[in-house]
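# What the coordinates show
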Amino acid sequence: MSRKQTLVIAPQWIGDAVMTQPLMAILAERGEVITVAALPWVAPVYRAMPEVAEVIALPFAHGRLDWSARRVLGQSLRGRFHVAYVLPNSIKAALLPWFAAVPVRIGYHGEGRWGLLNRRLPSPQGRPPMVPFYAALASLGPRADLTESALDPGVLRPQMQVSAERRAEAAALLASLGDGEQGLNTPPTPYWVFAPGAEYGPAKCWPATHYAALARSLHARDGAKVVLLGSGKEAALIDGIAAEAPEACIALAGRTSLDVAMALIAGARGVVSNDSGLMHVAAAFGLPQVAVFGSTSPHHTPPINERARVLWLKDELQLDCAPCFERTCKFGHYRCLTEVAPERVLSALETAVDPSLSKPSR
C-alpha cells in the first residue's frame, strides 16, 4: 500500500512555523509523506525539518486573497495528495487544498470554513499554547490512533536541523567580514547571537541600550563577538546597537537569508532575544538562550527548550496590564521591558550555559 501523501498549509510567521514541527514529526512517524506549502519567508524553516519531504514556496502576496493564483496552483496539484492540514485559521489558507480537490481537508473552524474543510476541530477560547494547538490536528488524520501522551504538551518540543551546506555558508560569511567589520576571521571562533527585533512591534522589544550594554559585557569577558540578526526592516535598530558597542558587535540585519541566519544561530554559544520567530528557532536547536517577554505571554508562545531562561516581570512588578498583547504600550512606560536590567539577562544567560550556576552552594 502506498504511503499517504500529505499537504500542509503553513502559518505565515516564522515562530508559528517552528511550533508546527511536532505536528510534522507525528505525521512522519505514522508514515505520511509531507509536502509543505509556505510563503517564501517561512519556507526555510521547513527546509530545516527532516520530516518534510518537499517545500512549495507559495507565490501569493501577504494578506491578499489571490483567488485566481490559488485556483491555478491548486488545480495543478490535483491527484497528488490524500490529506491536507490547514494550519492558519483564515479562509484563504483553506482555498489551495479545496482547489486541489484533496479528499480529506483538516483544520480548525476558523473563519467560517465549513465548505472548505471537511474535518474540523472547534477553535479554542483565548490564546492556547501553540505547539499542542497545532499538534492536535493530527487527531483528525487518516490514522487517528494517537495516544493521549502523544499530544502531551510536556513532550512536544520543536526540533530542527541545519544542513552542513548552510553551516558552511554561515562560517564563510563570518570569515569574510574580517577585522574591518569586527568579523570572525577564523571560524568556528565562539560567538553569541542577539535577535533584538520583533515584527509585532516595540512592546515586544527589550531596549536597544540594554542590548548594547549586554554586548559590551559579554565581549569584555573573552573577546567573543555578538552577531546581531534581523530583517532589513530592523537594520536601523540593529545598526544603532552596533554603534553603541562597536568592538563587540557584528550587525547583519538584512544581510543574510533566513537559511543562513538559522545556521548562524545553530552555531552560536547562546542567544538573547525578544519573543520573536528567531527565539523559537534558537529553542528548536536546543541552545542556551534568554528570552525577554513584554506585552506577550510565555504561557502562550514560550521557547520550548530546557536550556531556555524566560524573563517576564508581570508578577514581580505586579503589572495588571500584562499580557496586553498590544504592539505599543498604551501607558507609554514599557516597564515590563525597561526594568529588565542587562545584568539580570547576563546572569540568566550564564545559568542557561551552565545550569549548575543556578544551584545554591552547599
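Here the residue numbers are simple positions, counted from 1 along each chain's written sequence. Local features in a predicted model are, by the rule used here, given only for residues with pLDDT of at least 70; side-chain atom pairs are given and counted only at 80 or more, and totals for whole chains, interfaces and linings are based on all residues. Side-chain figures throughout are based on the complete set of non-hydrogen atoms in the structure, without hydrogens or water.

This part takes up the overall build of the chain. Broken down by element type, the chain carries 13 helices and 12 strands. C-alpha atoms define the radius of gyration, and 2.2 Å times the number of residues to the power 0.38 defines the globule rule. Taken over C-alpha atoms, the radius of gyration comes to 21 Å for the chain, in line with the 21 Å a tight globule of 362 residues would show. A principal-axis box enclosing the C-alpha atoms of the chain has dimensions of 60 × 50 × 45 Å. Using a 1.4 Å probe on the protein chains alone, a residue whose accessible area is under 20% of its type maximum counts as buried, one over 50% counts as exposed, and one in between counts as partly exposed. Taking all 362 residues of the chain together, 53% fall into the buried category. Secondary structure elements are defined from DSSP: runs of H or I of at least 4 residues count as helices, runs of E of at least 2 residues count as strands, and each element is numbered from the N terminus.

Axis lines are fitted to C-alpha atoms, over the contacting stretch for helices. Their N-to-C directions set the angle, which ranges from 0 to 180 degrees. Close contact between helix α10 (residues 258-266) and helix α11 (residues 277-284) brings their axes to 9 Å; oriented N to C, the two are set at 50°. Taken together, the axes of α10 and α11 lie oblique to each other. The interaxial crossing formed by α10 with α11 has right-handed handedness. Mapping the contact onto sequence places Leu 258, Met 262 and Ile 265 in α10 and Leu 278, Val 281 and Ala 282 in α11. Three classes are used, and their members are as follows: Ala, Val, Leu, Ile, Met, Phe, Trp, Tyr, Cys and Pro are nonpolar, Asp, Glu, Lys and Arg are charged, and the others, Gly among them, are polar. Here the contact of α10 with α11 is composed, by residue class, of 6 nonpolar, no polar and no charged. Small angles under 35 degrees read as roughly parallel and large ones over 145 as roughly antiparallel, with 65 to 115 read as roughly perpendicular and the rest as oblique. Put simply, a crossing is left-handed when the front helix is turned counterclockwise from the back one by less than a right angle, and right-handed when it is turned clockwise. Here a residue-residue contact requires only that any non-hydrogen atoms of the pair lie within 4.5 Å.

Further remarks concern the pattern of salt bridges. When a carboxyl oxygen of Asp or Glu is within 4 Å of a side-chain nitrogen of Lys or Arg, the pair counts as a salt bridge. For the structure shown, the criterion picks out 11 salt bridges. The partner of Glu 54 in a salt bridge is Arg 80, and the shortest N-O contact between them spans 2.8 Å. Of this pair, Glu 54 sits in strand β3 (residues 52-57) while Arg 80 sits in the loop between α4 (67-76) and β4 (83-86); the two residues are 26 residues apart in sequence, bridging distant segments of the chain. Residue Arg 80 is classed as partly exposed on the basis of its relative accessible area, which comes to 34%. Salt-bridge contacts for Arg 166 lead to Glu 169; the nearest nitrogen and oxygen are separated by 2.8 Å. Taken together, the residues span about one helical turn, with Arg 166 and Glu 169 both in helix α7 (residues 164-177) at a distance of 3 residues. According to the relative accessible area criterion, Glu 169 is partly exposed, its value standing at 29%. When salt bridges that share partners are traced, they join Arg 47, Arg 166, Glu 169 and Asp 259 into one network.

Moving on to the sheet that holds strand β2 (residues 33-38). Pairing within the open sheet is parallel, and its 6 strands lie in the order β3-β2-β1-β4-β5-β6. In this open sheet, the two strands that pair with only one neighbour each are β3 and β6 (119-121). In this sheet, adjacent strand axes meet at a mean angle of 20° when their direction is disregarded. Here the rule is simple: two strands pair whenever DSSP picks up at least two bridges between them. Direction of pairing for β4 relative to strand β5 (residues 104-108): parallel, over a ladder of 4 bridges.

Before going further, it helps to examine unusual backbone geometry. The step from Ala 322 to Pro 323 runs through a cis peptide bond, and the omega angle for that step is -5°. Examined against the element boundaries, Pro 323 turns out to sit in the loop between β12 (308-311) and α12 (335-338). With a phi angle near 50°, Asp 66 is a residue other than glycine that sits in the positive phi range. Structurally, the position occupied by Asp 66 is in the loop between β3 and α4. Overall, the relative accessible area of 17% leaves Asp 66 in the buried class. For Tyr 334, which is not a glycine, the phi torsion comes out positive at approximately 50°. Mapping Tyr 334 onto the fold places it in the loop between β12 and α12.

Before going further, it helps to examine the environment of Leu 346. Here Leu 346 lies in helix α13 (residues 342-353). Look at Leu 346 and you get buried, because its relative accessible area is 14%.

Before going further, it helps to spend a moment on the nonpolar core. Residues Met 24, Tyr 46, Met 160 and Ile 265 are the most contacted members of the largest nonpolar core, which totals 64 residues. The element that contributes the greatest number of residues to this core is α10, accounting for 8 residues. For Met 24, the residues in contact, after removing those within four places along its chain, are Val 8, Ile 34, Val 36, Tyr 46, Met 49, Glu 51, Val 52 and Leu 87. Nonpolar cores were defined as sets of buried Ala, Val, Leu, Ile, Met, Phe, Trp, Tyr and Cys residues, with membership established by side-chain atoms within 4.5 Å.

The subject of this paragraph is the sheet that holds β12. Reading across from one edge, β9-β8-β7-β10-β11-β12 is the order of the 6 strands in this open sheet, with parallel pairing throughout. Only two strands of the sheet have a single neighbouring strand rather than two, namely β9 (249-251) and β12. Put simply, the sheet's adjacent strands are angled 20° from each other on average, direction ignored. Looking at chain direction, strand β8 (residues 225-228) and β9 are connected through 3 bridges and run parallel. Opposite Leu 228, over in β9, you have Ala 251 as the bridge partner. Contacting β7 (191-195), β8, β9 and β10 (271-274), helix α8 (residues 208-222) runs over the sheet at an angle of about 175° to β7.

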